[in-house]
Each structure stands twice: as structure tokens, then as C-alpha cells.
Amino acid sequence: RQRGVIIERAVWDDVELAPHFMFNMAVIGASRQILATARDITKLRKVLSSQPEAATGSAPETRQQWERSGITSWSFPDLPDAIDTDVDGLPARAFPTLQLGTQGLALKLMANAALAQQAHEIGVAELMRLACAGEQKTIASALKKSAGLLLQSARWLPQAALEQQFTLSVIRHLLAQTPTMPRTNETFQDELKRLRALLVPAALEQLPVLNDIFSKAHQINRAMDSFTQPVYGVSLSDVRGQLEALDLANFMMQYPLPRWRHYVRYLQAACVRLEKLPHNISRDELASNELQALWQQWVLLVQRTKERDGDVTALDEYRWLLEEYRISLFAQPMRTAEPVSAKRLSKLWQALTH
């Protein structure tokens, strides 16, 4: 301040302090026991993530009162927005949440309000899916009849997971029209009645898009298998990286239905790129190197943002603009969804990091 020098936030991202300059942090549990210690906040969070007491911000007796597993219907009390308790003389707040995990649906207490809200949205959708057994059967039948879908998607998803994720995604799309997620049995039943009538028509409307996504992804993998010469290595590595980032095994759980139509364009552009590759090796390799540099800096920014509990969704615009940039570099004359250039990417990057 005295010198009038402004130090940008991004400068500190590259500063690494010696360990003895860092605070030694300790997290204390309800019984005054030390749950974890570390000088690195990222390491501390990783250790704590596997400890229920730290993850819920509540005492064991509170968890025992509220938490339960194996949920298949609304057979539990209405859920308050939050539960305030006193843990060994210290105030504690936990958020009751329906949470879908690898072992099914459970009622959990979470310490982070935003994460609890996200989990509860998926949990409510899963409970509605379980309640719509007849509609789920109709959707499963439509998936089986969709030409080639089960075969082409098998590389990423087994049939049961495809059926579950697809139906869940459609339900979440329909629930997005609801101002707040149900937290009582009464509101759940009211919303279920509305949604049940819309579920199958909405799923059938989205099915061609899902089919297109996996059809094109299958086409891309077959095309890449035909390139056996080392000269294609850089380009093929970039395409494989793109597919990995698009995360076809989980994209239905991560992104809303409107994004799926963009997935079709991204994958179509990759198909066009591979068709042109034998006649465009040098240019494709240069563009691949440029994109990899842009992608890696974005990945690093996401990592650093998570480490300081920042909002990574603010970085989505840049991530999807990179996909549009791919189209402009590799798949002309395909049109992008919005204007994109290296200059625009640079300008957006400056806005995100300063």
C-alpha cells in the first residue's frame, strides 16, 4: 500500500512457503480428541473426509438419532433444514440430507450446507425413481429397443447403471422446476404425483440425444483403432484426453440435460477431426499442443480453487469454451455455439485469474 503496488491474487498461487512458516492445524472432535493434524490444508481435508464426525459436524448421538441406510421409501421423519446442537459446550450445525452412495440411498448429516443441498437433490431424485418402478420399466424397455445403444455404451456403463443414470437425470431435470427440494413426506408425495405423469414422455424425448452421444463415442473409438502408425500419437492422445474429460461414464450425473446436446456436437467434431487427420497431421499436432497447454492450466486452476474452497462452477465457462475452440480448430466448417478464438480465451482467462 505504501508503494502503491497492486499484487494480483494469482501471484500468490505460485508462492510456496517452507513448512515451518505454515500453521500447524488441529481439528478437535466432540470428546476433545484430535481428529487430525497437518500444516497442509488440502492434506487435512483429505484425512478428515473419511471421518464421519468431522464430515457431519455433529455428535455421535445426534447421528444415531437421524442417520439410517437402506432407504427405499419416505419412511423417516420430516427433515428440518438444519439441526443445531451443543457438542461438548460448542455449537454445532448439521444438515439432514438424502444421499445416494455406492450402497444405495441413506439419510446422512452433513456439515457443509451447499454440498448437502447438492446431495439432497440427487437423493430425492433417486427416491422418486424407486417410487416410479412402472415408469422405470418402460424407460428400460425403450433403452433396449434403441438401436445399438446398449452395445455402444457398454464400454463406459453397464446396462443397469445406464438405466439408473438416465432416469435419474430426467427426474432431476423435471425437479429443477421445483423451487425447493421436498423435505417432508407430504411435499414429496405431491411432487411425485406431478412428476410421474411427465417422466416417460420426457425420457423418450431425450433418448435420441443419449443414443447420438454413445453412437458417436463408439465411432470415435473405432476410428482411433484404425490409426496404428506412431506419427498419429500426439493427435490420438489429445482425442483420448478429450473423451476422458467428457467422462461418458458419469456425465449424466454431472451435467443437466441441455448440456447433452452440446456433447453431441463435441463428439461429432471429433469424428470430423479423425476423418481429416491423415491429410492434416502437422497442423493437427500443433493445435493439439496448443489445446493441451490451455487445458492443463485450467485443470491446475480448478485444483487450486478447490484447495481454497472456491467456487469451481465459476470456471465452467472457460472449460466449455475450450470445447468450442476444439470445433473451430479441428472440425471446420462445423459452426460453434458461440464466437471463440485464442484472444477471447486469453481475455476470459485474465478475468478468472485476476
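Quick note: structure is the one above.
All of the points below concern the structure found in this document. For every chain, the first residue of the written sequence is number 1, and numbering continues from 1 along that sequence. Thresholds applied to this predicted model are a pLDDT of at least 70 for local features of residues and 80 or more for the giving and counting of side-chain atom pairs; totals over whole chains, interfaces and linings are not thresholded and use all residues. Water and hydrogen atoms play no part in the side-chain values, which are based on all heavy atoms of the structure.

Looking only at helices and strands, one finds 15 helices and 5 strands in the chain. In terms of overall dimensions, the chain has C-alpha extents of about 70 × 70 × 35 Å along its principal axes. Note on classification: 1.4 Å probe, protein chains only; a residue is buried when its accessible area is under 20% of the maximum for its type, exposed when over 50%, partly exposed between these limits. Every one of the 354 residues in the chain was classed for burial, and the buried ones make up 42%. Whether two residues are in contact is decided by their heavy atoms: any pair within 4.5 Å suffices. Once local pairs closer than 6 in sequence are excluded, the contacts in the chain between residues at least 24 apart make up 63%. Methods summary: accessible areas were calculated by the Shrake-Rupley approach with a probe of 1.4 Å, and residue burial reflects only the protein chains presented. Within the structure as shown, the chain displays about 20,000 Å² of accessible surface, and the carbon and sulfur contribution to it stands at 53%. When charges are counted, Lys and Arg are positive and Asp and Glu negative, with His and the chain ends excluded. Think of each charge as sitting on NZ of Lys, CZ of Arg, CG of Asp or CD of Glu. For the chain, the distance from the average site of its 40 positive side-chain charges to the average site of its 38 negative ones is 4 Å. Secondary structure counts use DSSP, requiring at least four H or I residues in a row for a helix and at least two E residues in a row for a strand, with both numbered from the N terminus.

To continue, consider the pattern of salt bridges. Here, a salt bridge means any Lys or Arg side-chain nitrogen found within 4 Å of an Asp or Glu carboxyl oxygen. Applying the stated criterion across every chain, the model contains 12 salt bridges. Salt-bridge contacts for Arg93 lead to Asp84; the nearest nitrogen and oxygen are separated by 2.7 Å. Arg93 gets classed as partly exposed once you look at its relative accessible area, which sits at 45%. Put simply, Arg196 and Glu135 hold a salt bridge, and the shortest N to O gap is 3.6 Å. Of the two residues, Arg196 sits in helix H9 (residues 185-225) while Glu135 sits in helix H6 (residues 133-145), which places them 61 residues apart along the sequence. The exposure class assigned to Arg196 is partly exposed, which follows from its relative accessible area of 32%. Classification of Glu135 as buried rests on a relative accessible area of 16%. Each of Asp238, Arg273, Asp284 and Arg326 takes part in a single network of salt bridges with overlapping partners.

A few words on the packing of aromatic side chains. We call Phe, Tyr and Trp rings a pair once their centres come within 6.5 Å, taking the six-membered ring for Trp, and we label the pair stacked below 30 degrees between planes, edge-to-face above 60, and tilted otherwise. Counted according to the given criterion, the structure contains 15 aromatic pairs. With a centroid separation of 5.9 Å and an interplanar angle of 40 degrees, the aromatic rings of Trp156 and Phe214 are classed as tilted. Of this pair, Trp156 sits in the loop between helix H7 (149-153) and helix H8 (159-175) while Phe214 sits in helix H9, and the two are 58 residues apart along the sequence. Three or more aromatic residues link up through ring pairs in this structure, and these residues are Trp156, Phe166, Phe214, Phe251, Tyr255, Trp260, Tyr263, Tyr266 and Trp320. Any Lys NZ or Arg CZ found within 6 Å of a ring centre and within 35 degrees of that ring's normal is scored as a charge over the ring. Seen from the ring of Trp320, Arg259 lies directly overhead, with NZ or CZ sitting 4.2 Å from the centre. Against the face of Trp320 rests Arg319, its NZ or CZ located 4.2 Å from the ring centre.

In this section: the environment of Ser146. You can see Ser146 is positioned in the loop between H6 and H7. Residue Ser146 is classed as buried on the basis of its relative accessible area of 12%. For the pair Ser146 and Asn211, spaced 65 residues apart in sequence, the C-alpha separation works out to 7.3 Å. Aside from chain neighbours lying at most four places away, what touches Ser146 is Leu207 and Asn211. We define a polar contact as two N or O atoms separated by no more than 3.5 Å, with the added condition that, inside protein, one atom must be a possible hydrogen donor and the other a possible acceptor, whereas residues neighbouring each other in sequence contribute only through side-chain atom pairs. Among the polar contacts listed, one links the side chain of Ser146 to the side chain of Asn211, at a separation of 2.6 Å.

Here the focus is the nonpolar core. Membership of the largest hydrophobic core comes to 70 residues, with the highest contact counts inside it found for Phe166, Leu210, Ile213, Phe214, Ile220, Phe251 and Trp260. Setting aside chain neighbours within four positions, we find Phe214 in contact with Leu149, Gln152, Ser153, Trp156, Leu157, Leu162, Leu248 and Phe251. For this analysis, a nonpolar core means a set of buried residues of the types Ala, Val, Leu, Ile, Met, Phe, Trp, Tyr and Cys, connected via side-chain atoms within 4.5 Å. Counting residues in hydrophobic clusters, the runner-up holds 18 residues, among them Ala287, Leu294, Val302 and Leu322.

This brings us to the packing of helix H13 (residues 281-307) against helix H14 (residues 316-330). Here an angle of 0 to 180 degrees is reported between the N-to-C directions of two axes, which are lines fitted to C-alpha atoms, with helices fitted over the stretch in contact. Between H13 and H14, whose axes approach to 11 Å, the crossing angle comes to 180 degrees. By the criterion of interaxial angle, the relationship of H13 to H14 is roughly antiparallel. Between H13, through Asp284, Ala287, Ser288, Glu290, Leu291, Gln292, Leu294, Trp295, Gln297 and Trp298, and H14, the contact on the second element is made entirely by Tyr318, Arg319, Leu322, Tyr325, Arg326, Leu329 and Phe330. Each angle is binned into one of four classes, with values under 35 degrees roughly parallel, values over 145 roughly antiparallel, values of 65 to 115 roughly perpendicular, and all other values oblique.

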